[in-house]
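Here is how the chains run, residue by residue.
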Amino acid sequence: MTDDKMTDMNNRIDGREPLNESHRYFIRLNADEKYQHMIFLVSFFILAVTGLMVWLPEKAFDFLGGAKETVFTVRSFLHRLFGVIMIFTSIYHLYYLAFKPAGRRWFVDMMFKPGDIKEMFHNLLYLIEARDAPPEFDRFSYKHKAEYAALIAGTTLMSISGLMLWSEFYWDKFFIDIAALVHGMEAVLACLAIMVWHLYEIHLRPHKFPIDNMWLTGVIDEEEMKEEYPLHYKKIMDDPELQKIFIQEGLKRHG
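Residues numbered from 1 in each chain as written. Predicted model: local features only at pLDDT ≥ 70, side-chain atom pairs only at ≥ 80, totals over all residues. Heavy atoms only, no water.

Asker: Break down the pattern of salt bridges for me, citing the residues and quoting the values.
Answerer: On inspection of all chains with the given rule, the structure shows 13 salt bridges. Ionic pairing is found between E249 and R24, a salt bridge with its closest N-O pair at 3.8 Å. Here E249, found in strand β3 (residues 247-253), pairs with R24, found in strand β1 (residues 19-27); they are 225 residues apart in sequence, far enough to count as distant. Among the ionic pairs, K143 bridges to E201, the shortest N-O distance being 3.3 Å. Of the two residues, K143 is situated in helix α6 (residues 142-166) and E201 in helix α7 (residues 173-204); the sequence distance between them amounts to 58 residues. The exposure classification of K143 matches that of E201, with both residues buried. If you follow the salt bridges from partner to partner, you end up with R24, E222 and E249 in one network. (Salt bridge = Lys/Arg side-chain N within 4 Å of Asp/Glu carboxyl O. Helix = DSSP H or I, 4+ residues; strand = E, 2+ residues; numbered from the N terminus. Buried < 20%, exposed > 50% of the residue type's maximum accessible area, 1.4 Å probe, protein only.)

Now the structure itself:
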């Protein structure tokens, strides 16, 4: 018996399926982009929780007893700390877009194009069953681009208003009142966008539920690539240089 057959048999005896050594994956997030996303995710979650604490009635924290003052001191520290981390992550992202080849490619691919409007109406018609097939999406669809634009606008507003509130002694009360209003309303809008839009679009759709692990692995398999981003798939397969950038060979179990 050959070594390959022996390995295959041992795998089956152990309850494991044999590996397919030529499985092809497509990179959606490279290592740099994954780290940026992870830092931003952690920062956003902590900022949302520590920010919500200010909005809740003070009586909601009476169960903390004498520790309430300490808890809110820690809350203030964490909110400012992760606010700074988010700002520096955003600044690094701008550096990434301007000076890294992968970042410049991201920027170009993420820019709105006239075809995005056509793509949006095509998709809307498909969703109401007026079209037989969805549009062929490129690397980023109109939905990704709209969400990315909202992220940039929201982060900018939150950063500026947050820094103003942090340095309130240097500002007239009129500007502080505006900053507080903008900061609070944008925070609510951002949380709703994440819960209602981003979570469903990325994780809660039927074929993704309960979670899409692409944000951890950075890759999707070939079948998903063909289904979700057929136009980008075709571009990659027709261009050897893009294949070097976006294709990653890996292992996958059968079954």
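Back to the write-up after that little detour.
Asker: For the nonpolar core, give the residues involved together with the corresponding values.
Answerer: Ranked by size, the top nonpolar core spans 19 residues in total, and within it F26, W106, I220, M225 and I236 carry the most contacts. Residue assignment for this core shows that the elements contributing at least two residues are α3 (68-99), α4 (101-110), α6 and α10 (230-237). The residues contacting I236, other than those within four sequence positions of it, are F26, M225, L242, Q243, F246 and I247. (Core = buried A, V, L, I, M, F, W, Y, C linked by side-chain atoms within 4.5 Å. Contact = heavy atoms within 4.5 Å.)

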